[in-house]
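So the chains spell out like this:
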Number of protein chains: 4
Amino acid sequence: MEQDKLATKKKVIETALTLFKINGYQGTSVRDISKKANVNIATISYYFKGKQGLLEHIIVDFLEGYIEILDKHCLSLYDKNANLILMNLVGEVLNYYFLKKEYASIFYRELTIDSVFIREIMMTYLARERYTFTQIYDAIRMSNAKLTMPFSVFFVQLKSFLSTPYLFPGYLNEVLYIQQNDLYFFERYKEYVEKWIESLFDMDERLVTRVELSS
Amino acid sequence: MEQDKLATKKKVIETALTLFKINGYQGTSVRDISKKANVNIATISYYFKGKQGLLEHIIVDFLEGYIEILDKHCLSLYDKNANLILMNLVGEVLNYYFLKKEYASIFYRELTIDSVFIREIMMTYLARERYTFTQIYDAIRMSNAKLTMPFSVFFVQLKSFLSTPYLFPGYLNEVLYIQQNDLYFFERYKEYVEKWIESLFDMDERLVTRVELSS
Amino acid sequence: MEQDKLATKKKVIETALTLFKINGYQGTSVRDISKKANVNIATISYYFKGKQGLLEHIIVDFLEGYIEILDKHCLSLYDKNANLILMNLVGEVLNYYFLKKEYASIFYRELTIDSVFIREIMMTYLARERYTFTQIYDAIRMSNAKLTMPFSVFFVQLKSFLSTPYLFPGYLNEVLYIQQNDLYFFERYKEYVEKWIESLFDMDERLVTRVELSS
Amino acid sequence: MEQDKLATKKKVIETALTLFKINGYQGTSVRDISKKANVNIATISYYFKGKQGLLEHIIVDFLEGYIEILDKHCLSLYDKNANLILMNLVGEVLNYYFLKKEYASIFYRELTIDSVFIREIMMTYLARERYTFTQIYDAIRMSNAKLTMPFSVFFVQLKSFLSTPYLFPGYLNEVLYIQQNDLYFFERYKEYVEKWIESLFDMDERLVTRVELSS
DNA sequence: TATGAATGAGTGTTCATTCAT
DNA sequence: AATGAATGAACACTCATTCAT
């Protein structure tokens, strides 16, 4: 019984993940989900108190795991080198997104809409995210005079690297022939995100160096 | 009368831009638009052959301007230095997006959905975009052995830089306090996008250099 | 066109009157109405902004006519004999109810429910009704020492006489074989309501007289 | 355990009484009842074979007590004075209603709806009620030539006096500030119902008397 | 040319009930 | 004996669109 319950609930969630990712939350009807998941339409309201509750469940699930990662890395902030923490953190986040790709797609797309109720929930988590990254950023800055990029720019660019692969799966597939499961691409992608992070810390030095070399 | 017609049409488009940006295409009803624009509900179907036609109009308008920029810069591909072309092109694109921010928001969000009818139209333009950037990228690569990053990674990261500020206007505002019209932020943002581009071309050298220095 | 519009609207109202009266507001679905009226289901929302709006329309229509009668009679309150005014007023109200019997049925039944939104609207009118009857009652009392019945009792009993024939049409029909259109019954009913009113004014005298006679 | 069962059943009934009275039968869902009564939703179907069964239980309970009173008084019909029997009967019925006010409210409101399933059951009892009152009325008429009012009018007016205080509890409260438990009001109300009954029997005489007096 | 009336298809949600446990 | 899971049917309502005028 407990098994069956979980099975039905899980089936609904997985179907919702698929359909929300493809058609968007607004573009998916509860009837679509119930039909594809082969469950009664009332089941969705029964378990999640409506369509919105289902989205909420998905978003919160995703964000809980995300915040957990942030917290874990943030704990070691004064033991380890901040650069290293950032690098590890970003690596783990990219892995997390890769594993929960549907969640990431849905989450980032909903973040795109201003008026969605879910925004309120998101914002709580995202304020914490921002706080974590601010701490790390400040720690780096204190020990590294080379980091001149303002936090806002740094953060927006970092977030853009993290989100983009999950925001345009169809586009990546059709225009660049990158499959959502293409491990090779994601490894390379991660590698260059890390290089970008590295480059932030001695960008000026590099520039100086380059000038010297070119002279 | 011709004036009135244009005025009405324009009013509809501007209202649609506002509402599509805030609530998304799916989250906006023609009733909403007609009410806010203070025009009759049938007007939209009359002028744009339906809600979809209105979106199409907006997307195509945006993409036409975009492709024009791409084409213009591509023309000088064999006259000028490819690095420089890329830099100028990206700068102009960022300006274009800044000027047409609602269009950019709407366009990129719709690109997010797999099943949008407009996708077909978009894809035509996006194939051309890809082609243009491939050409530039190849030209750079030929003359610069330092560029080892695969095209796909380069292109995804570039696109992510271009799109992100327009994809999350609400988030940027509420979490990072960046207004959509914050010229200062966008200038700095552009600056660092350009630095990122620069960094791509001698990234390896930098790495080598760094190794040397650290030894 | 104007004719057609009115025709459709009227058809909806009349069907709603019939069904609300038989099955109650809650027991009638908009589908039932639309089906019986042979109009599209969306028409109801189009004209009345939803099922509740339809009920509201009906109730307000009924109450407007009712209040008009009250106001008209109240105007002559200091010209004519108050007893006479009450008598005439009650007579006209009974006629009004008889003519708008479906309205009366629906109105009084909805008044029965505590939580219906419409209550708010009703209450405005009903406060005015109470005020009118208070004025008349006070005027009578001032000139007639025989009227000892408290206003509240008087008013409740009067209202009960007015409403009952419309509250239980089915019961009256099935148990007492009184048809809703049975003019003979309603004439007699009215006659005895008037007698009841008369009896109020010299009830004490009568009691005294009776005592005398029985001695 | 038997105690618990009774307790649960009673809790359900009492909650149903409250909610049916406030929102009506149609306006109350079994979910509402089960939630408010803090019992499982299936309990209601389990004990009463569905929502309708619950209503039936309530109505029948109310009517059984009512009919019992009628029968008791009717037994003495040929021993005592019919006028007196009527007076006593009405007094006791008013008391019964006062004690079972929620039942009375629910019963009379449901009587209002033509299509209620329970109607059949109700009608059986109401036919007996009518029969009883016909007997009493005929007995009075035989011995009192003054009673000219037709039975139907008499009965409708009597019923209207009995039911009204329970049909509009909210209205009485909000417009006339009469609480459902206001014993003072109900005593006065009863008093004047009885006076009305008295007045029926010598109404003509009174009229004659009055004429004489005014001459 | 421009619009109000009207619509059929579809929306998310709630309903009372059933049934295996 | 009592319940949580699950359901099919119905709910009121909104949707984008059409069409006569």
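Residues numbered from 1 in each chain as written. Chains lettered and ligands numbered in written order. Predicted model: local features only at pLDDT ≥ 70, side-chain atom pairs only at ≥ 80, totals over all residues. Heavy atoms only, no water.

Chemist: Looking at this structure, how should I read the overall build of chain A?
Modeler: Within chain A, the regular secondary structure consists of eleven helices and zero strands. Traced from its N-terminal end to its C-terminal end, chain A shows the element sequence α-α-α-α-α-α-α-α-α-α-α. Each principal axis of the C-alpha atoms in chain A carries an extent, and together these give about 70 × 40 × 35 Å. For chain A, the proportion of contacts with a sequence separation of at least 24, taken over those separated by at least 6, is 70%. About 9,700 Å² of surface is accessible on chain A, with carbon and sulfur atoms providing 53% of the total. Chain A carries 26 positive and 27 negative side-chain charges, and their two centres are separated by 5 Å. (Helix = DSSP H or I, 4+ residues; strand = E, 2+ residues; numbered from the N terminus. Contact = heavy atoms within 4.5 Å. Areas by Shrake-Rupley, 256 points an atom, 1.4 Å probe, with all protein chains shown as cover. Lys, Arg positive; Asp, Glu negative; His and termini not counted. Charge placed at Lys NZ, Arg CZ, Asp CG, Glu CD.)

Chemist: Would you take a moment to explain the relation of the copies chain B and chain A for this structure?
Modeler: Turning one copy of the chain about an axis and sliding it along that axis gives the other copy, so a rotation and a shift relate them. Take chain B, turn it by 180 degrees, move it 0.1 Å along the axis, and it overlays chain A with an RMSD of 0.1 Å. Both copies of the chain, as the preceding transformation shows, are related through a two-fold rotation axis. When each C-alpha of chain B is compared by its distance to the rotation axis, S160 of chain B comes out closest, at 2.7 Å. The share of interface residues of chain B whose copies in chain A are also at the interface is 100%, consistent with both copies meeting through the same surface. (Least-squares fit on C-alpha atoms with pLDDT ≥ 70 in both.)

Chemist: I tried to follow the interface of chain B and chain A on my own but got confused; where do I start?
Modeler: The extent of an interface is frequently quoted as the accessible surface area lost upon association of the parts. Across the boundary between the two partners, chain B contributes 58 residues, which contact 58 residues of chain A. Across the chain B to chain A interface the summed buried area is about 5,200 Å²; carbon plus sulfur atoms make up 66%. Here chain B and chain A share one salt bridge between them. Salt-bridge contacts for E174 of chain A lead to R119 of chain B; the nearest nitrogen and oxygen are separated by 2.6 Å. Within the residue set of the side of chain B that touches chain A, elements represented by two or more residues are α1 (2-23), α6 (101-112), α7 (119-143), α8 (151-167), α9 (169-176), α10 (183-201) and α11 (203-214) of chain B. Considering each element in turn, the side of chain B that touches chain A owes the most residues, twelve residues, to α8 of chain B. Classifying every residue of the side of chain B that touches chain A by side-chain character gives 29 nonpolar, 15 polar and 14 charged. (Buried area = accessible area lost by both parts, 1.4 Å probe. Salt bridge = Lys/Arg side-chain N within 4 Å of Asp/Glu carboxyl O. Nonpolar A, V, L, I, M, F, W, Y, C, P; charged D, E, K, R; others polar.)

Chemist: Please clarify how the protein's contact with DNA strand E should be interpreted in this entry.
Modeler: The environment of DNA strand E is formed by 33 residues, the closest being K51 of chain A, N40 of chain B together with N40, Y46 and Y47 of chain C. Backbone atoms, meaning sugar and phosphate, make up 60% of the atoms of DNA strand E lying within 4 Å of the protein. Between a phosphate oxygen of DNA strand E and a side-chain N or O atom of N40 of chain B, the distance comes to 2.4 Å. One of the side-chain nitrogen or oxygen atoms of Y47 of chain B is found 3.0 Å away from a phosphate oxygen of DNA strand E. Among the elements of the structure, α2 (30-37) and α3 (41-48) of chain A, α3 (41-48) of chain B, α1 (2-23) and α3 (41-48) of chain C together with α2 (30-37) and α3 (41-48) of chain D are those that each provide at least two residues to the surface near DNA strand E. The leading source of residues in the surface near DNA strand E is α3 of chain C, at five residues. (Near = heavy atom within 4 Å. Polar contact = N/O pair within 3.5 Å; in protein donor to acceptor, adjacent residues only side chain to side chain.)

Chemist: Honestly, the interface of chain C and chain D in this entry has me stumped. Any pointers?
Modeler: Taken together, the contact between chain C and chain D spans 59 residues of the former and 58 residues of the latter. For the chain C and chain D pair, buried surface summed over both sides reaches about 5,300 Å², with 66% attributable to carbon and sulfur atoms. The tally of links between chain C and chain D comes to two salt bridges. Summed over the shared surface of chain C and chain D, the result is 14 residue pairs in polar contact (both at pLDDT 80 or more). Only α1, α6 (101-112), α7 (118-143), α8 (151-167), α9 (169-176), α10 (183-201) and α11 (203-214) of chain C provide two or more residues apiece to the side of chain C that touches chain D. In terms of residue class, the side of chain C that touches chain D is built from 29 nonpolar, 15 polar and 15 charged.

Chemist: I tried to follow the packing of helix α5 (residues 82-99) of chain D against helix α6 (residues 101-112) of chain D on my own but got confused; where do I start?
Modeler: Helix-helix packing is described using two parameters, namely the angle between the two axes and the distance between the axes. All names here are of chain D. Running from N to C, α5 and α6 cross one another at 100 degrees; their axes reach a closest spacing of 4 Å. It follows that α5 is roughly perpendicular to α6 by the angle criterion. Across the interface between the two elements, Y97, F98 and L99 from α5 touch K101, A104 and Y108 from α6. When the residues that make up the contact of α5 with α6 are grouped by side-chain class, the tally is five nonpolar, no polar and one charged. (Axes fitted to C-alpha atoms, helices over the stretch in contact; angles between N-to-C directions. Parallel < 35°, antiparallel > 145°, perpendicular 65-115°, else oblique.)

Chemist: How should I be thinking about unusual backbone geometry in this particular structure?
Modeler: What you tend to see is this: most non-glycine residues have negative phi, and most peptide bonds are trans. Positioned with a positive phi, K49 of chain B is a non-glycine residue whose angle comes to about 55 degrees. Residue position: K49 of chain B is located in the loop between α3 and α4 (51-75). For N38 of chain C, which is not a glycine, the phi torsion comes out positive at approximately 60 degrees. With respect to the helices and strands, N38 of chain C occurs in the loop between α2 (30-37) and α3. Relative accessible area serves as the criterion here: at 65%, N38 of chain C is assigned to the exposed category. (Buried < 20%, exposed > 50% of the residue type's maximum accessible area, 1.4 Å probe, protein only.)

Chemist: Help me understand the domain arrangement of chain A in this model?
Modeler: Residues and elements named next belong to chain A. Domain boundaries in chain A define domain 1 (1-48) and domain 2 (58-214). The straight-line distance from the C-alpha centre of domain 1 to that of domain 2 is 30 Å. Facing the eight residues of domain 1 at the interface are nine residues of domain 2. Summed over both partners, the interface of domain 1 with domain 2 comes to about 810 Å²; 71% of that surface belongs to carbon and sulfur atoms. The tally of links between domain 1 and domain 2 comes to zero salt bridges. On inspection of domain 1 and its partner domain 2, the count reaches three residue pairs in polar contact (both at pLDDT 80 or more). Along the lines of polarity and charge, the residues of the side of domain 1 that touches domain 2 split into six nonpolar, one polar and one charged. (Domains from an automatic or database assignment.)

Chemist: Please clarify how the packing of helix α7 (residues 119-143) of chain D against helix α8 (residues 151-167) of chain D should be interpreted in this entry.
Modeler: All names here are of chain D. Where α7 meets α8, the closest approach of the two axes is 11 Å, and the angle between their N-to-C directions is 120 degrees. The orientation of α7 with respect to α8, classified from their angle, is oblique. In this structure, α7 meets α8 at a crossing whose hand is right-handed. On the side of α7, the interface is formed by L126, E129, R130, F133, T134 and Y137, while α8 contributes F151, F154, F155, L158 and K159. (Left-handed = near helix turned anticlockwise from the far one by under 90°.)

Chemist: Help me understand the protein's contact with DNA strand F, please; the structure alone is not making it clear to me.
Modeler: N40, Y46 and Y47 of chain A, K51 of chain C together with N40 of chain D are the nearest of the 33 residues found near DNA strand F. Each atom of DNA strand F within 4 Å of the protein was assigned to sugar, phosphate or base; sugar and phosphate come to 59%. T8 of chain A has a polar side-chain atom sitting 3.1 Å from a phosphate oxygen of DNA strand F. Measuring from a phosphate oxygen of DNA strand F, one finds a backbone N or O atom of T28 of chain B at 3.4 Å. Contributions of two or more residues to the surface near DNA strand F are made by α1 (2-23) and α3 of chain A, α2 (30-37) and α3 of chain B, α2 and α3 of chain C together with α3 of chain D. With five residues, the top contributor of residues to the surface near DNA strand F is α3 of chain A. Considered class by class, the residues forming the surface near DNA strand F number 13 nonpolar, 13 polar and seven charged.

Chemist: I keep staring at the UniProt feature "DNA-binding region" (unreviewed entry) in chain A and nothing clicks. Help me out?
Modeler: Mapped onto the present numbering, the UniProt feature "DNA-binding region" (unreviewed entry) falls on residues 29-48 of chain A. Secondary structure across residues 29-48 of chain A divides into 80% helix and 0% strand, with the first and last C-alpha atoms of the span separated by 14 Å. (UniProt positions renumbered as here; feature names shortened; annotations may be inferred.)

Chemist: What's the story with α10 of chain C in this structure? I'm lost.
Modeler: Since the α-helix packs 3.6 residues into each turn, any two residues three or four apart lie on the same face. In a regular helix each residue adds 1.5 Å, so 19 residues correspond to 27 Å; α10 of chain C covers 28 Å between its end C-alpha atoms and thus fits that length. In this structure D182 of chain C caps α10 of chain C, since a side-chain oxygen of it lies 3.1 Å from the backbone nitrogen of Y184 of chain C. (Expected span 1.5 Å × (residues − 1).)

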